[in-house]
Amino acid sequence: MKLLFERSRPGRQECLIPACDVPAASFSPSVLRASAPRLPEISEIDLGRHYTELALQTHGVNKGFYPLGSCTMKYNPRINEEMAALPGFADIHPLQPAESAQGCLEVLFDAERLLCEITGMDGMTFQPAAGAHGEYTGLLLIRHYHQSRGDAARTKIIVPDSAHGTNPASATMAGFTVVSVPSNEKGGVDLEALRKAVGPDTAGLMLTNPNTLGLFDENILEITRIIHEAGGLCYYDGANLNAVMGHARPGDMGFDCVHLNLHKTFSTPHGGGGPGSGPVGCKAFLEPFLPSPRVCRKEDGSFGFATPEHTMGRVRSFYGNFLVVVRALTYILTLGRKGIPEASAMAVLNANYLMKKLSGHYDMAYDTLCMHEFVMTLEKLKNETGVSAMDVAKSLLDYGIHPPTMYFPLIVHEALMVEPTETESPETLDNAAEALLAILDKAKTDPAYLHGAPHRCPIGRPDEVRAARTPVLRYDFETAKEE
Ligand SMILES: *Cc1c(COP(=O)(O)O)cnc(C)c1O
């Protein structure tokens, strides 16, 4: 499709500016640019068509099913957007005095209180801008805690091999050495291996739960006990709280800190790299180390800021992505005490419903009830027909369905990780199951067709490495082509 610069024609415009009725001001040449900016000149209708065409080529939850595992591409209720667009929230300035932004501080205060209740924590920071940033902040809490006790020997973080990929990366970024622990035959943490891995150098454990296999670790209490007995702290990767909110709390399972992905579980649109929020909650004994400032309620009932006694400082400018918190608070308040656990229950039901429809046809990595997502392994299919997980994923695009997460978790070969979410109807799930079964039939009769999929999308199979490493982001006017 043509770029805006290619559609541009001199003199076209999409607005009518009235004649100037004030004296023209003049500026010193030192602040004027030497040549006019090369902005595209285009009429309103062509501009509208350009963006509509772009939107039609994009897949999103508003267009079709989006079962991207570990990403919780649920529907985001419109009321969240309406609240986030209220001028009192959208038009504030982060340097405004606290007295003039009381409503915003109350949002942060209330959201902290409710999310602490949901996670079983005592305090929370909203500074981290995403999940991995939250992990990093939580690990700094652990480091500051050990340092405050003069315990410099605790340099290792234990990460099970079923953890999200960001966990070992964040632990390394936070200055720890990562110790990997294998999974047992049921997909949980191998307790014997865990017992062998802990010692006086253990700073803590990072557990993704439900893990990337979509399973809730049945030994979770024993896991946190082993870590605590060794003197370490327990970190809960709660990015996927969608499966457990309102049913089980990390704080009750023995975890000392946790991060949430508001842009997954608590319903903020994501996927296009938009603003996220990865708040970190902790137990009271870690609160003194939380990032500064924190919102507090003063004796007269008004809201202000406080600096935690041994704060790690800032991990981000100002107060994090505030409007994401507004959406999360709206979501929690509209669902309420009854709706929050119901959403989780539906997410788990939908995942199990779809898994059941497919099992017997597709191989499941673990043949047991799942939480909010399940993982298929297409190893046998690939050996028998040559059709890979990638081929199946690409074929789904021809059915108007976004592919599941591919080749993750790494411990499952030819993996497809499917997360339907609670906001999908039985009809949508039936339709997806039919598409996957049709693809399976095709794999047996015409594998070459699937190797070439998708056949009905704007583009087929781009060179994904080149697209990621050398993205074309600028228009080259000299050669009038993309550079
Ligand atoms: C998505 C996810 C993360 C990372 O969150 P980002 O916001 O992408 O940084 C971490 N852990 C788990 C389990 C996740 O699903």
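Anything mentioned here points back to the structure above.
Numbering of residues begins from 1 in every chain and follows the order in which that chain's sequence is written. Only residues with pLDDT of at least 70 are given local features in this predicted model, and only at 80 or more are side-chain atom pairs given and counted; all residues enter the totals for whole chains, interfaces and linings. Just so you know, side-chain values use all the structure's heavy atoms and leave hydrogens and water out.

Asker: Please set out a nonpolar patch on the surface residue by residue, giving values where relevant.
Answerer: Each patch is assembled from residues with relative accessible area greater than 30% and no salt bridge, linking like charges that lie within 9 Å and nonpolar side chains (Val, Leu, Ile, Met, Phe, Trp, Tyr) that lie within 5 Å. Here the open area of atoms and residues is found with the Shrake-Rupley method and a 1.4 Å probe, where only the protein chains shown may cover a residue. Note on definitions: salt bridges are taken to be side-chain nitrogens of Lys or Arg within 4 Å of carboxyl oxygens of Asp or Glu. Residues Met1, Tyr51 and Leu54 make up a contiguous nonpolar surface patch of roughly 290 Å² in combined accessible area. Secondary structure elements follow DSSP: runs of H or I of four or more residues count as helices, runs of E of two or more count as strands, with numbering from the N terminus. In this fold, Tyr51 is placed in helix α2 (residues 44-56). Classification of Tyr51 by relative accessible area gives partly exposed; the value is 47%. Exposure is judged per residue with a 1.4 Å probe applied to protein chains only, and the accessible area is read against the type maximum: over 50% gives exposed, under 20% gives buried, and values in between give partly exposed.

Asker: Any chance you could break down the packing of helix α10 (residues 322-358) against helix α13 (residues 426-445) for me, citing the residues and the numbers?
Answerer: How two helices sit against one another is set out by the angle between their axes and by the gap between those axes. Running from N to C, α10 and α13 cross one another at 30°; their axes reach a closest spacing of 10 Å. Between α10 and α13, the interaxial angle falls into the category roughly parallel. Taken as a pair, α10 and α13 cross one another with a handedness that is right-handed. Contacts from Asn350, Tyr353, Leu354, Lys357 and Leu358 of α10 reach α13 at Pro426, Leu429, Asp430, Ala433, Leu436 and Leu437. Note that Gly is not counted as nonpolar here; it falls among the polar residues with everything else outside the nonpolar set of Ala, Val, Leu, Ile, Met, Phe, Trp, Tyr, Cys and Pro and the charged set of Asp, Glu, Lys and Arg. Among the residues forming the contact of α10 with α13, the class breakdown is 8 nonpolar, 1 polar and 2 charged. An axis is simply a line fitted to the C-alpha atoms; with a helix, the fit covers only the stretch in contact. Between two such axes, the angle follows the N-to-C directions and lies from 0 to 180 degrees. Roughly parallel refers to an angle under 35 degrees, roughly antiparallel to one over 145, roughly perpendicular to one between 65 and 115, and oblique to any angle outside these ranges. Helix crossings get a hand from a simple test, with the near helix turned counterclockwise from the far one by less than a right angle marking a left-handed crossing and a clockwise turn marking a right-handed one. Two residues qualify as a contact provided that any one of their heavy atoms is within 4.5 Å of a heavy atom in the partner residue.

Asker: Any chance you could break down the packing of aromatic side chains for me, citing the residues and the numbers?
Answerer: Planes of paired rings set the category: under 30 degrees apart is stacked, over 60 is edge-to-face and the rest tilted, where pairs are Phe, Tyr or Trp rings (Trp by its six-membered ring) whose centres lie within 6.5 Å. With the rule as written, the count across this model stands at 10 aromatic pairs. When the centroid spacing of 4.9 Å and the interplanar angle of 15° are considered together, the rings of Phe5 and Tyr475 count as stacked. Placement of Phe5 in helix α1 (residues 4-7) and of Tyr475 in strand β13 (residues 475-476) is noted, with a sequence separation of 470 residues between them. Residue Phe5 is classed as partly exposed on the basis of its relative accessible area, which comes to 31%. The interplanar angle of 75° and the centroid separation of 5.3 Å between the aromatic rings of Tyr145 and Phe285 together place this pair among those described as edge-to-face. Here Tyr145 is found in helix α6 (residues 131-148), whereas its partner Phe285 is found in the loop between β7 (280-282) and β8 (294-297), with 140 residues between them in sequence.

Asker: Before we move on, could you go through the pattern of salt bridges and cite the residues and values that matter?
Answerer: All told, the structure shown has 23 salt bridges when counted by the stated rule. Beyond isolated ion pairs, a larger network of salt bridges with shared partners links Glu192, Arg195, Glu222, Arg225 and Glu229.

Asker: Before we move on, could you go through the sheet that holds strand β11 (residues 405-406) and cite the residues and values that matter?
Answerer: At least two DSSP bridges between two strands are required for those strands to pair. The strand order across the open sheet built from 3 strands is β10-β12-β11, with neighbouring strands paired in antiparallel fashion. Lying at the two open borders of the sheet, with one neighbouring strand each, are β10 (374-377) and β11. Alignment of β11 against strand β12 (residues 415-418), held across 2 bridges, turns out to be antiparallel. Looking across to β12, one finds that Met406 is bridged to Leu416.

Asker: Requested: an account of empty space enclosed by the protein, with residues and values cited.
Answerer: The distinction between a cavity and a pocket rests on a 1 Å grid over the protein atoms alone: a 1.4 Å probe fits inside a cavity but cannot get out, while a pocket stays open yet meets protein on both sides within 12 Å along at least five of seven lines, and a residue with an atom within 4 Å of a point counts as lining. Grid points are joined across faces, edges and corners, and a volume is the space filled by probe spheres set on the points. Counting across every chain of the model gives 3 cavities of 30 Å³ or more. Of the pockets and cavities examined, the largest cavity occupies roughly 140 Å³. Looking at the largest cavity, it is lined by 13 residues, and the ones nearest its centre are Thr125, Phe126, Pro293, Arg294 and Val295. Contributions of two or more residues to the lining of the largest cavity are made by α5 (102-119), β1 (123-125) and β8. Tallying contributions element by element places α5 first for the lining of the largest cavity, with 3 residues. Here the lining of the largest cavity is composed, by residue class, of 9 nonpolar, 2 polar and 2 charged. In this model, the second largest cavity occupies a volume close to 50 Å³.

Asker: Residue-level account of the site of the ligand, with values.
Answerer: With respect to spatial proximity, 14 residues lie near the ligand, and among them Gly131, Ala132, Asp237, His263 and Lys264 are the closest. Throughout this description, a polar contact denotes any pair of N or O atoms lying within 3.5 Å of each other; where both atoms belong to protein, one of them has to be capable of donating a hydrogen while the other can accept it, and for residues adjacent in sequence the pair is counted only when both atoms sit in side chains. Note that an oxygen atom of the ligand is positioned 2.8 Å from one of the backbone N or O atoms of Gly131. Side-chain polar atom of Lys264 to an oxygen atom of the ligand: 2.7 Å apart, as the coordinates give it. Calculation on the ligand without its partners gives an accessible area of 390 Å², and the protein chains cover 85% of this total. With 3 residues, α6 is the single largest residue contributor to the shell around the ligand. Of the residues that constitute the shell around the ligand, the class distribution is 3 nonpolar, 8 polar and 3 charged. Working definition: residue near molecule or strand if any one of its non-hydrogen atoms lies within 4 Å of it.

Asker: Explain the layout of surface pockets to me, and be specific about the residues and the numbers.
Answerer: The computed volume of the largest pocket comes to approximately 1,400 Å³. Looking at the largest pocket, it is lined by 45 residues, and the ones nearest its centre are Gln57, Thr58, His59, Pro458 and Ile459. At 4 residues, α2 tops the list of elements feeding residues into the lining of the largest pocket. Looking at the lining of the largest pocket, its residues break down into 25 nonpolar, 12 polar and 8 charged. In this structure, the second largest pocket encloses a volume near 360 Å³. Lining the second largest pocket we find 22 residues, and of these Ile92, Pro94, Tyr319, Gly320 and Phe322 sit closest to its centre. Every element with two or more residues in the lining of the second largest pocket is listed here: α5 and α10.

Asker: Got a sec to walk through the nonpolar core? Specific residues and values, please.
Answerer: In summary, soluble globular proteins display a tendency toward joint burial of nonpolar side chains. Take the buried Ala, Val, Leu, Ile, Met, Phe, Trp, Tyr and Cys residues and link them wherever side-chain atoms come within 4.5 Å; each set so joined is a nonpolar core. Counting residues in hydrophobic clusters, the biggest one holds 54 residues, and the most contacted among them are Leu115, Leu194 and Phe266. Listing elements by their share of this core, those giving two or more residues are α5, α8 (191-197), β4 (202-208), α9 (220-229), β5 (233-238), β6 (257-260) and α10. With 11 residues, the top contributor of residues to this core is α10. Here Leu115 is in contact with Met124, Phe126, Leu260, Leu262, Phe266 and Ile332, once residues within four sequence places are set aside.

Any functional reading would require information that these geometric values do not contain.
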